[in-house]
Amino acid sequence: MDINKIRNDFPILHRTIYGKPLVYLDNTATTQKPRCVVEKITEEYYNVNANIHRGVHFLSRQATEAHENARRTVRKFINADKPEEVIFTRGTTESINLIASCFTYECMSPGDEIIISVMEHHSNIVPWQIQAARQNIVIKVIPINETGELDMESFTKLFSPKTRLVSVTHISNVLGTINPVKEIINIAHTHNVPVLIDGAQAVAHQKVDVQALDVDFYTFSGHKIYGPTGIGILYGKEKWLDKIPPYQGGGEMIASVSFEQTKFNNLPFKFEAGTPDYVGSTALAVALDYVNNIGLPEIARYEDELLQYATEQFMTIEGIRIFGNSPSKNGIISFLINNIHHYDTGVLLDRLGIAVRTGHHCAEPLMHTLGIDGAVRASFAFYNTKEEIDILMAGIKKVIDMF
């Protein structure tokens, strides 16, 4: 990987903050966008802007083809069987809410159970709590061990004849733990239970093959894989997407409408009511091509190198506590320094030009399990460098000196 060439593709990385070079280490929250993605957005609005699937004129047909080509790009990226199994949404959150609403309505009854884990993002907790309140379904929670890994023995004991779905994260946005999703799926399928995987933190860092995983539903967001905000993906096996009802009503998701009866459209349009973000979809396809051109195996190798280097540097600083020490871990380090509040650490690092995340990271139940109210999080992408990690370490030492 030519890091200098890659960094030149991201103009924001050359900014200064408070007179300091920006060190952007909040990639788990959102990734920066390469020039080609931003240029594609501009190009689409200036040259191809027209509502899709609705017009016979040239611009509409051109925009429609670009949107559907983007769907085919996503299909190939995650190795879905058919483009129809790729649903465009606003992001991981909407994708999970769609399944939470539609699957529970069609496939669950009062007293039925869903299994999630203690390390889930709020987006994979709250939608199920809403449905639990509405439909009296039961939520069961997989615990973690001391290294931040799922307790798989406990997981197997959570199944009962009333278990209807398992919904877990691929990679923890706090701990960085890479969960054994293939094993989770295999175990669930022995009980004839489908599985939803929250892949928001995974697709930018490792190859995801939904057919090899045999996963029933998989979700991710464009903005976490160098694409635009407001666009995301729900992958679903055709048999499940055919079975569950639409999420929203409106244009495009219908085959016909009368005041007596509405017939719904075929996949994938059944779940894409209204005008979609056809500019976002084409820009997302450019982002996926960009990642593919670098190569996910190379990205994974380099980011693991950054993680190992950063972890070694952290261990040289007395008073640092790292949360999540699984041997199978992604480029995320959540930490606290002695008794210094995470917010204070984040503010002081910001004044040095270092962007990290502070707080509960939309994972309050996990924070309660860890016995803390929040943490500082540094997360890496393929455009980060060891030199930036050195700047972070120097910044942490300055924070310690101040306190």
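Our subject is the structure listed above.
Below or above, wherever it landed, is the structure these notes cover. As the structure is a prediction and not an experimental result, all values here were calculated from the model. What you see as residue numbers is a count from 1 along each chain, following the sequence as written. It should be noted that, the model being predicted, local features are given only for residues of pLDDT at least 70 and side-chain atom pairs only at 80 or more, the latter also being counted only at that level, while totals for whole chains, interfaces and linings use all residues. Hydrogen atoms and water are omitted, and side-chain values are computed over all heavy atoms in the structure.

**Digging into the packing of helix H4 (residues 92-107) against helix H5 (residues 126-135)**
Geometry is summarised by axes, namely lines fitted to C-alpha atoms with helices restricted to the contacting stretch, and by angles between N-to-C directions that run from 0 to 180 degrees. By the criteria applied, helices consist of DSSP H or I runs no shorter than four residues and strands consist of E runs no shorter than two, each listed in order from the N terminus. Closest axis-to-axis distance for the H4/H5 pair is 9 Å, and the angle between their directions is 25°. On the basis of the axis angle, H4 is roughly parallel to H5. Relative to H5, the crossing made by H4 is right-handed. Of the residues in H5, those touching H4 at Ile-96, Asn-97, Ile-99, Ala-100, Ser-101, Thr-104 and Tyr-105 are Pro-127, Trp-128, Gln-131 and Gln-135. Looking at side-chain class alone, the contact of H4 with H5 contains six nonpolar, five polar and no charged residues. In what follows, roughly perpendicular refers to angles from 65 to 115 degrees, roughly parallel to angles under 35, roughly antiparallel to angles over 145, and oblique to any angle outside these ranges. For a crossing to be left-handed, the near helix must be turned anticlockwise from the far one by less than a right angle; the clockwise case is right-handed. The contact criterion used throughout is that any non-hydrogen atoms of two residues lie within 4.5 Å. The classification used treats Ala, Val, Leu, Ile, Met, Phe, Trp, Tyr, Cys and Pro as nonpolar, Asp, Glu, Lys and Arg as charged, and all other residues, Gly among them, as polar.

**Some remarks on unusual backbone geometry**
Of all residues except glycine, most have a negative phi; of all peptide bonds, most are trans. The omega angle of the peptide bond from Leu-267 to Pro-268 is 0°, so this bond is cis rather than trans. Mapped onto the secondary structure, Pro-268 falls in the loop between strand E12 (262-264) and helix H10 (278-294). Positioned with a positive phi, Asp-214 is a non-glycine residue whose angle comes to about 65°. Summarising the element assignment, Asp-214 is placed in the loop between helix H8 (210-213) and strand E9 (217-221). Under the scheme applied here, a residue whose accessible area is under 20% of the maximum for its type counts as buried, over 50% as exposed, and between as partly exposed, the area being computed with a 1.4 Å probe on protein chains only. Owing to a relative accessible area of 32%, Asp-214 belongs among the partly exposed residues under this scheme. Even without being glycine, His-361 reaches a positive phi, approximately 55°. Tracing the chain through its elements places His-361 in the loop between strand E16 (357-359) and helix H13 (364-370). Among the residues examined, His-361 registers a relative accessible area of 5% and is labelled buried.

**Concerning the sheet that holds strand E13 (residues 320-323)**
Hydrogen bonds along the backbone pair up the strands of a sheet, which may run parallel or antiparallel. Pairing is antiparallel across the open sheet formed by four strands, whose spatial order is E13-E14-E17-E16. Only two strands of the sheet have a single partner each, and these edge strands are E13 and E16. The average undirected angle you get between the axes of adjacent strands in this sheet is 30°. Criterion used throughout: strands pair if DSSP finds at least two bridges between them. The pairing of E13 with strand E14 (residues 332-337) spans four bridges and is antiparallel. Counted as the bridge partner of Ile-320 is Ile-337 from E14. Here helix H11 (residues 296-314) sits on the sheet in contact with E13 and E14, set at roughly 10° to E14. Across the sheet, helix H12 (residues 342-351) touches E14, E16 and strand E17 (375-379), and the angle it forms with E16 is around 155°.

**Considering the pattern of salt bridges**
Any carboxyl oxygen of Asp or Glu within 4 Å of a side-chain nitrogen of Lys or Arg constitutes a salt bridge here. Inspection of the entire model under this criterion finds 19 salt bridges. Arg-164 is the salt-bridge partner of Asp-112, the closest N and O atoms lying 3.3 Å from each other. Pair noted here: Asp-112 is in the loop between H4 and strand E5 (113-117) and Arg-164 is in strand E7 (residues 163-169), with a separation of 52 residues, a long-range link. Using a relative accessible area of 4% as the deciding quantity, one classes Asp-112 as buried. A salt bridge links Lys-237 to Asp-214; the shortest N-O distance between them is 2.7 Å. Here Lys-237, found in the loop between strand E10 (232-236) and helix H9 (238-243), pairs with Asp-214, found in the loop between H8 and E9; they are 23 residues apart in sequence, far enough to count as distant. Bridged by salt links that share partners, the residues Glu-298, Arg-301, Glu-305 and Lys-386 form one connected network.

**Structural notes on the packing of aromatic side chains**
A pair of aromatic rings is counted whenever rings of Phe, Tyr or Trp (Trp by its six-membered ring) have centres within 6.5 Å, and the orientation is called stacked for planes under 30 degrees apart, edge-to-face for over 60 and tilted otherwise. According to the stated counting rule, one finds 13 aromatic pairs in the structure shown. A centroid spacing of 5.9 Å and a plane angle of 80° characterise the contact between Phe-10 and Tyr-290, whose relative ring orientation is edge-to-face. Remark: Tyr-290 occurs in helix H10 and Phe-10 occurs in the loop between helix H1 (3-8) and strand E1 (16-17); sequence separation between them is 280 residues. Judged by relative accessible area, which is 0%, Phe-10 ranks as buried. Take Tyr-290: its relative accessible area is 10%, and that puts it in the buried class.

**Concerning the nonpolar core**
Taken as a class, soluble globular proteins show a tendency for nonpolar side chains to be buried jointly. Of all hydrophobic cores here, the largest spans 95 residues; its most connected members are Val-166, Tyr-218, Ile-225 and Leu-392. In terms of residue count, the dominant contributor to this core is H11 (eight residues). Core analysis: the second largest hydrophobic core is formed by 24 residues, Ile-87, Ile-96, Met-108 and Phe-271 among them. Buried Ala, Val, Leu, Ile, Met, Phe, Trp, Tyr and Cys residues form a nonpolar core when they are joined through side-chain atoms within 4.5 Å.

**Quick look at the sheet that holds strand E6 (residues 138-142)**
If you walk across this open sheet you meet the seven strands as E4-E10-E9-E8-E7-E5-E6, and the pairing is mixed. Both outer strands of the open sheet, strand E4 (86-89) and E6, are each paired with one neighbouring strand and no more. When strand polarity is set aside, the average angle formed by the axes of neighbouring strands in this sheet is 20°. As judged from the three bridges shared by strand E8 (residues 195-198) and E9, these two strands associate in the parallel manner. Its bridge partner lying in E9, Leu-196 is registered against Phe-217. Its contacts with the sheet put H4 on E4, E7, E8, E9 and E10, and the angle it makes with E9 is roughly 155°. Running over the sheet, H5 touches E5, E6 and E7 and is turned about 150° from E6.

**Regarding the packing of helix H2 (residues 35-47) against H10**
It is at 9 Å that the axes of H2 and H10 come closest, and there the two elements cross at 150°. Considering their axes alone, H2 and H10 lie roughly antiparallel with respect to each other. Read as a crossing pair, H2 and H10 show a hand that is right-handed. Between H2 and H10, the contacting residues are Cys-36, Val-37, Lys-40, Ile-41, Glu-44 and Tyr-45 on the first element and Val-279, Thr-282, Ala-283, Val-286, Ala-287 and Tyr-290 on the second. Looking at the contact of H2 with H10, its residues break down into nine nonpolar, one polar and two charged.

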